[in-house]
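Read off the chains here:
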Amino acid sequence: MFLQKNLAQHLNYNPEIVLGYRSYTYQHKINYNFNDKLKLTNITYYDTEYNNDNNNIYFLRNSLSYGVHKNIGLSLGIGLKNPGSFATISGNFHYKSDSIWLLYSAGITYQNDFTLEQVAFIEYKPLINNEVYGLIKVQSNGNINFKEQERGIQQIRIGIKKKQRQYGLAANFDQFKNNKTLNNYGFFYKHEF
């Protein structure tokens, strides 16, 4: 009993589903905290159209992060994404309060070539009443190969957070270096375990 309770305090799982006009998206983040400084993270993202598999998007990264300072961390990661495997080393700055969460990460990713990878994340949760928060979340990821942008992802969520549940409107924008852009607008549901 003690072991199960102790593990539950160190592990969290946050799946999210988006049902959009173009596609269905599943993504999750799983964190396991070894201690206050060392953390293992799995991020999985999968997007598939309803009618065919021509534009399937996938991303899977496992990373080990070390907290250098209260708001600064370093990460090493390996994973798979269109079109194959990759490795990343990055640094990040984050700030979190009851209503605001800010994150900026920058690093070098190798997948057939070196790219600069950047992530910016902003989440704002204004209190509506004792149990309900508003939710505005914006995330932007980009890979630049020092000549052009190879890959870009932006996600916007506007909705409600009540206890461990989040739901509302979603928008996903995916850009590829071959000038292909995929958009998806719909509804999202996220649960925090």
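Located above this text is the structure these notes cover.
Residues numbered from 1 in each chain as written. Predicted model: local features only at pLDDT ≥ 70, side-chain atom pairs only at ≥ 80, totals over all residues. Heavy atoms only, no water.

Peer 1: Please explain unusual backbone geometry as it appears in this structure.
Peer 2: Leaving glycine out, the prevailing phi sign among residues is negative, and the prevailing peptide bond configuration is trans. Phi at Asn112 is positive, roughly 70 degrees, even though this residue is not glycine. Summarising the element assignment, Asn112 is placed in the loop between strand E7 (100–110) and strand E8 (114–124). Look at Asn112 and you get exposed, because its relative accessible area is 67%. At Lys163, a residue that is not glycine, the phi angle is positive and equals roughly 55 degrees. Along the chain, the position of Lys163 falls in the loop between strand E10 (149–162) and strand E11 (165–176). (Helix = DSSP H or I, 4+ residues; strand = E, 2+ residues; numbered from the N terminus. Buried < 20%, exposed > 50% of the residue type's maximum accessible area, 1.4 Å probe, protein only.)

Peer 1: I'm lost on the side chain of Glu117 in this one. Help?
Peer 2: Looking at the element boundaries, Glu117 is found in strand E8. A distance of 2.9 Å separates a polar atom in the side chain of Glu117 from a polar atom in the side chain of Arg61. Side-chain polar atoms of Glu117 contact the side chain of Thr109, separated by 2.5 Å. For Glu117, the residues in contact, after removing those within four places along its chain, are Arg61, Thr88, Ser105, Ala106, Gly107, Thr109, Gly142 and Asn143. (Polar contact = N/O pair within 3.5 Å; in protein donor to acceptor, adjacent residues only side chain to side chain. Contact = heavy atoms within 4.5 Å.)

Peer 1: Just to check I follow, could you spell out the environment of Leu60 for this structure?
Peer 2: Counting through the fold element by element, Leu60 comes out in strand E4 (residues 57–69). Between the alpha carbons of Leu60 and Leu102 there is a distance of 22 Å; along the sequence they are 42 residues apart. Residues in contact with Leu60, not counting those within four places in the same chain, are Asn42, Ile43, Thr44, Ile78, Gly79, Leu80 and Phe86.

Peer 1: Whenever I open this one, the nonpolar core confuses me. Can you help?
Peer 2: Inside soluble globular proteins, nonpolar side chains tend to come together where they are buried. Membership of the largest hydrophobic core is limited to 6 residues, which are Tyr45, Ile57, Phe59, Phe86, Phe176 and Leu182. Aside from chain neighbours lying at most four places away, what touches Phe176 is Ile57, Glu150, Arg151 and Leu182. (Core = buried A, V, L, I, M, F, W, Y, C linked by side-chain atoms within 4.5 Å.)

Peer 1: Which parts of the structure should I look at to understand the pairing of E7?
Peer 2: Strand residues, when the strand is regular, have side chains that alternate between the two faces of the sheet. With 10 bridges joining them, strand E6 (residues 84–96) and E7 adopt antiparallel strand pairing. Within E7, the position partnered with Asn92 by the bridge is Ser105. With antiparallel pairing between neighbouring strands as the criterion, E6 and E7 make up a hairpin whose turn holds 3 residues. Two elements, E7 and E8, share 11 bridges in a ladder whose sense is antiparallel. By the bridge assignment for E8, Leu103 is matched with Phe121. The antiparallel pairing of E7 with E8 creates a hairpin that spans 3 residues between the two strands, and Asn112 there sits at a positive phi of about 70 degrees. (Pairing = 2+ DSSP bridges.)

Peer 1: Just to check I follow, could you spell out the pairing of strand E1 (residues 11–20) for this structure?
Peer 2: Bridging between E1 and strand E2 (residues 23–33) involves 9 bridges; their strand directions are antiparallel. Among the inter-strand pairings, Leu19 is bridged to a residue of E2, identified as Tyr24. Count of turn residues in the E1/E2 antiparallel hairpin: 2 residues. Alignment of E1 against strand E12 (residues 181–191), held across 5 bridges, turns out to be antiparallel. When the bridges of E12 are listed, Ile17 appears paired with Tyr189.

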